[in-house]
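These are the residues of each chain, in order.
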Amino acid sequence: MKHIYYLLSLLLIVSFAQATSWDEPWMEEVILDSDSFVRAKVTKSKDNEVQAAVLKNIAGREIESKFRINDFSLLKFTSLSLKEDIFHFQKDTEYYFFLKSGNKKGRYSIATPTTGFALITDDGVHATYRHSYHQALVPEDIYEQSMKAIYNRIKFDEPCDPPVRDFMIAQLNKEPASPGNSMGDQDVLDQFFLQHVALEVFRYEGNEEEIALIEPFLEVDDFHVEVSAVRSISRLDSKSAKEMLMSFIESDSDEFAKIMAIWGLEYLGATEYAERLSNCMKENDEDELGFGGNIMDPRIGTSFPLTVTEGISELLIKWNYLSEETDGGDAWR
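Rules and cut-offs
Residues numbered from 1 in each chain as written. Predicted model: local features only at pLDDT ≥ 70, side-chain atom pairs only at ≥ 80, totals over all residues. Heavy atoms only, no water. Phe/Tyr/Trp six-rings, centres within 6.5 Å; stacked < 30°, edge-to-face > 60°. Helix = DSSP H or I, 4+ residues; strand = E, 2+ residues; numbered from the N terminus. Buried < 20%, exposed > 50% of the residue type's maximum accessible area, 1.4 Å probe, protein only. Pairing = 2+ DSSP bridges. Contact = heavy atoms within 4.5 Å. Polar contact = N/O pair within 3.5 Å; in protein donor to acceptor, adjacent residues only side chain to side chain. Patch = residues over 30% accessible without salt bridge, like charges linked within 9 Å, V, L, I, M, F, W, Y side chains within 5 Å. Areas by Shrake-Rupley, 256 points an atom, 1.4 Å probe, with all protein chains shown as cover. Salt bridge = Lys/Arg side-chain N within 4 Å of Asp/Glu carboxyl O. Expected span 1.5 Å × (residues − 1). Axes fitted to C-alpha atoms, helices over the stretch in contact; angles between N-to-C directions. Parallel < 35°, antiparallel > 145°, perpendicular 65-115°, else oblique. Left-handed = near helix turned anticlockwise from the far one by under 90°. Nonpolar A, V, L, I, M, F, W, Y, C, P; charged D, E, K, R; others polar.

Participant: When you look at the packing of aromatic side chains in this model, what are you seeing that I'm missing?
Facilitator: What describes a pair of aromatic rings is the distance from one ring centre to the other and the angle between the planes of the rings. In total, this model carries 26 aromatic pairs according to the counting rule given. Taking 5.7 Å as the distance between ring centres and 50 degrees as the angle between the ring planes, the aromatic pair formed by tryptophan 26 and phenylalanine 291 counts as tilted. Here the residue tryptophan 26 occupies a position in the loop between strand E1 (21-22) and helix H1 (27-33), and phenylalanine 291 occupies one in the loop between helix H9 (274-283) and helix H10 (308-318), the gap between them amounting to 265 residues. Phenylalanine 291 shares its class with tryptophan 26; the two are buried. Look at phenylalanine 89 and tyrosine 95: their rings are 5.0 Å apart centre to centre, the planes differ by 85 degrees, and that puts the pair in the edge-to-face class. Overall, the relative accessible area of 7% leaves phenylalanine 89 in the buried class. Feature note: the residues Phe67, Phe72, Phe87, Phe89, Tyr95, Phe97, Tyr108 and Phe117 constitute an aromatic cluster, connected by ring pairs.

Participant: How should the pairing of strand E2 (residues 36-45) be read in this particular structure?
Facilitator: Where a strand is regular, its side chains alternate between the two sheet faces. By the bridge criterion, 9 bridges tie E2 to strand E3 (residues 50-60) in an arrangement that is antiparallel. Following the sheet pairing, lysine 44 is matched in E3 by glutamine 51. In this antiparallel pair of consecutive strands, E2 and E3, the connection spans 4 residues. One ladder, built from 6 bridges, connects E2 with strand E6 (residues 94-101); its direction is antiparallel. Bridging across to E6, serine 36 finds its partner in leucine 99.

Participant: Whenever I open this one, the environment of isoleucine 312 confuses me. Can you help?
Facilitator: Tracing the sequence through the fold places isoleucine 312 in helix H10. In this structure, the C-alpha to C-alpha distance between isoleucine 312 and cysteine 280, residues 32 residues apart in sequence, is 8.2 Å. Setting aside residues up to four positions removed in sequence, isoleucine 312 forms contacts with Ile249, Ile262, Leu277, Cys280 and Met281.

Participant: How do you make sense of H10 when you look at a structure like this?
Facilitator: The periodicity of an α-helix, 3.6 residues per turn, causes residues three or four positions apart to be oriented the same way. Of all the positions in H10, only Val308, Thr309, Gly311, Ile312, Ser313, Leu315 and Leu316 are classed as buried. The positive-phi residue at the C-terminal boundary of H10 is asparagine 320, with phi of around 60 degrees.

Participant: What should I look at first to understand the side chain of arginine 130 in this one?
Facilitator: Relative to the helices and strands, arginine 130 resides in strand E9 (residues 124-131). At a separation of 3.0 Å, a polar atom in the side chain of arginine 130 contacts the side chain of histidine 134. A distance of 2.7 Å separates a polar atom in the side chain of arginine 130 from a polar atom in the side chain of histidine 224.

Participant: How should I be thinking about a nonpolar patch on the surface in this particular structure?
Facilitator: A contiguous nonpolar patch, built from Ile295, Met296 and Ile300 and spanning about 310 Å² of accessible area, is present on the exposed surface. Among the secondary structure elements, isoleucine 295 is positioned in the loop between H9 and H10. Of the residues examined, isoleucine 295 reaches a relative accessible area of 67% and is grouped as exposed.

Participant: Sorry, what's going on with helix H4 (residues 186-205) here?
Facilitator: Compared with an ideal rise of 1.5 Å per residue, which puts 20 residues at 28 Å, H4 spans 28 Å between its outermost C-alpha atoms and is within 8% of the ideal. In terms of residue burial, H4 counts as a mostly covered element, since 17 of its 20 residues are buried. The residue sitting at the N-terminus of H4 and contributing the capping side-chain oxygen is aspartate 185; that oxygen lies 2.9 Å from the backbone nitrogen of aspartate 187.

Participant: How should I be thinking about the environment of valine 230 in this particular structure?
Facilitator: Relative to the helices and strands, valine 230 is located in helix H6 (residues 223-232). Distance in space between the C-alpha atoms of valine 230 and leucine 199 is 9.0 Å, their sequence separation being 31 residues. Other than its neighbours up to four places away in sequence, valine 230 contacts Leu218, Leu245, Phe248, Ala257, Met260 and Ala261.

Participant: Hey, could you run me through the pairing of strand E8 (residues 117-121) in this one?
Facilitator: For E8, the buried fraction is high: 4 of the 5 residues fall into the buried class. As paired strands, E8 and E9 are joined by 3 bridges and run antiparallel to one another. When the bridges of E9 are listed, threonine 121 appears paired with glycine 124. The hairpin turn running from E8 into E9, its antiparallel successor, is 2 residues long.

Participant: Before we go on, may I ask you to explain the packing of helix H3 (residues 162-172) against H4 in this structure?
Facilitator: If you want to describe how two helices pack, look at the angle between their axes and the distance between the axes. The geometry of H3 relative to H4 is characterised by a closest axis approach of 9 Å and an angle of 120 degrees between their N-to-C directions. Regarding the angle of H3 to H4, the classification is oblique. Crossing hand, H3 versus H4: left-handed. Contacts between H3 and H4 involve Val164, Arg165, Phe167, Met168, Gln171 and Leu172 on the former and, on the latter, Gln191, Leu194, Gln195, Val197, Ala198, Leu199, Val201, Phe202 and Glu205. A per-class count over the contact of H3 with H4 returns 10 nonpolar, 3 polar and 2 charged.

Put into structure tokens, the structure is as follows:
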């Protein structure tokens with residue numbers, strides 16, 4: 001079987017000191033921070049610098065045929081025992097890079113040692129659509145077309161090309177594939193990856209008339225399907241999308257995915273749901289959330305609410321509905 005895990009851990013392990021960690025940015029922030037999206041082949045790789053040759057300028061500013069990466073543009077340390085800027089890229093290997101130009105030495109930067117790039121292998125692209133903790137294995141053509149569409153929408157508010165929209169609709173019209181119930185069936189896993197991409201594209205390209213396509217995915221009892229489904233409607237400024245997000249928070253669905261729904265209501269400015277959110281806050285007392293994974297992973301410093309209650313509290317404080325001095329008692333504003 002060419003791959004086993006339905007969302008892949010990053011294959012490039014970064015050799016930072018034990019107590020070094022950082023707040024890993026989400027992919028949207030990586031794209032916003034970058035100037036260019038390219039496909040390139042690494043020609044030389046050292047601890048402090050990577051040299052590569054451009055194979056294709058895909059989106060954003062076109063860059064020269066050869067370039068160097070020697071810095072990180074979004075590296076925010078949360079603990080530090082030894083500051084090392086270490087690149088672990090494989091010579092003669094192809095990657096997609098999200099590059100930021102204009103660092104102090106006239107070279108380029110990527111976001112962090114663990115995001116801002118996607119490894120290309122014979123099996124496909126090790127792709128990040130939401131966060132580097134959650135990766136998918138995607139065919140090269142699907143990755144390149146879908147990520148170009150997402151990049152251009154985020155950076156320039158350009159609508160996607162018709163083939164990408166057709167792909168999105170076709171995948172979302174199929175029965176949701178649940179990797180947790182796949183029993184290792186490769187076809188199910190491959191279908192899940194494609195729908196993972198389609199849901200992330202819908203986040204930027206979906207509309208009110210198509211929202212019914214998402215409902216079956218919200219009902220799947222699977223962490224990764226729920227997270228992508230919630231994210232897919234979290235930018236859709238409509239009454240039905242807001243109600244779906246609120247109802248999801250009120251359900252017994254995955255707690256991590258509920259945070260995505262809370263963030264969606266925040267993005268949409270849905271202050272009319274403050275009272276219902278406060279009721280959920282009083283009812284929730286969960287185990288601590290997080291991305292999981294190896295405690296030695298430097299991305300362990302990624303900021304994330306510890307519980308759904310904390311996520312709701314943070315939002316209600318921003319909305320001036322909850323006093324910072326209260327822990328969820330009677331100090332509602």
